[in-house]
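Residue-level structure breakdown
Spelled out from the first residue to the last, the chains are:
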Amino acid sequence: SFVLTLYTFSFWTLTANPDAYRHQAALELAEEKELTPEGLFYAFCMAIGISPLVGTTNELYMKDAIDLMDRIRSGEQIFVNSEELAIVGNALGIPEWNAEDEL
């Protein structure tokens, strides 16, 4: 049998969406989750099946990304409900964001 696995990767996640991760509600949620705004946006991408590719050469940013991955791999669910995912979806400019199927 043949199994096809599709992966979705994003390299320009932050560069293409600077207003999204600076949105006030997203900033507040990031603080609540003890994440940087960028980390919250990466977590959002992973929650909806996109693997963000971190292209930084900044050691601090790399550590933040690795820490986030460790949290997720340890089983922590960053977004506990669809309303939290909707905060980031709305910050992206998708006002009718419906994340019911994403969690």
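Below is a short write-up of the structure.

What counts, and at which threshold
All residue numbers refer to positions counted from 1 along the written sequence of the respective chain. Local features are withheld for residues below a pLDDT of 70 in this predicted model, meaning they are given only at 70 or higher, and side-chain atom pairs are given and counted only at 80 or more; totals for whole chains, interfaces and linings count all residues. The basis for every side-chain value is the complete set of non-hydrogen atoms in the structure, without hydrogens or water. Only protein atoms enter the 1 Å grid used here, on which a cavity is any set of points holding a 1.4 Å probe that cannot leave and a pocket is any open set flanked by protein within 12 Å on both sides along at least five of seven lines; residues with an atom within 4 Å of a point are listed as lining. Grid points are joined across faces, edges and corners, and a volume is the space filled by probe spheres set on the points. Only DSSP runs of H or I covering at least 4 residues are called helices, and only runs of E covering at least 2 are called strands; the numbering of each starts at the N terminus. Classification of residues uses two cut-offs on accessible area relative to the type maximum, computed with a 1.4 Å probe and protein chains only: under 20% is buried, over 50% is exposed, and between them is partly exposed. One side-chain nitrogen of Lys or Arg within 4 Å of one carboxyl oxygen of Asp or Glu is enough to make a salt bridge. Counting of polar contacts relies on pairs of N or O atoms within 3.5 Å, with two restrictions inside protein: one atom must be capable of donating a hydrogen and the other of accepting it, and residues adjacent in sequence are counted only when both atoms are side-chain atoms. Whether two residues are in contact is decided by their heavy atoms: any pair within 4.5 Å suffices.

A few words now on the layout of surface pockets. Of the pockets and cavities examined, the second largest pocket occupies roughly 170 Å³. Taken together, Tyr42, Met46, Pro52, Val54, Thr56, Met62, Ala65, Ile66, Leu68, Met69 and Arg73 make up the lining of the second largest pocket. Broken down by secondary-structure element, the contributors of at least two residues to the lining of the second largest pocket are helix 2 (37-47) and helix 3 (59-73). The element contributing the most residues to the lining of the second largest pocket is helix 3, with six residues.

So, on to the environment of Asp67. Mapping Asp67 onto the fold places it in helix 3. Assessed through its relative accessible area of 31%, Asp67 is described here as partly exposed. Between the C-alpha atoms of Asp67 and Leu35, which are 32 residues apart in sequence, the distance is 9.6 Å.

Let us look at the pattern of salt bridges. In total, this model carries three salt bridges according to the counting rule given. Arg71 is paired through a salt bridge with Glu76; the nearest N and O atoms lie 2.7 Å apart. The exposure class assigned to Glu76 is partly exposed, which follows from its relative accessible area of 34%.

To continue, consider the side chain of Glu84. With respect to the secondary-structure elements, Glu84 resides in helix 4 (residues 82-91). A distance of 2.8 Å separates a polar atom in the side chain of Glu84 from the backbone nitrogen of Val80. When near neighbours in sequence (up to four residues on either side) are disregarded, Glu84 contacts Leu29, Glu32, Lys33, Ile78 and Phe79.

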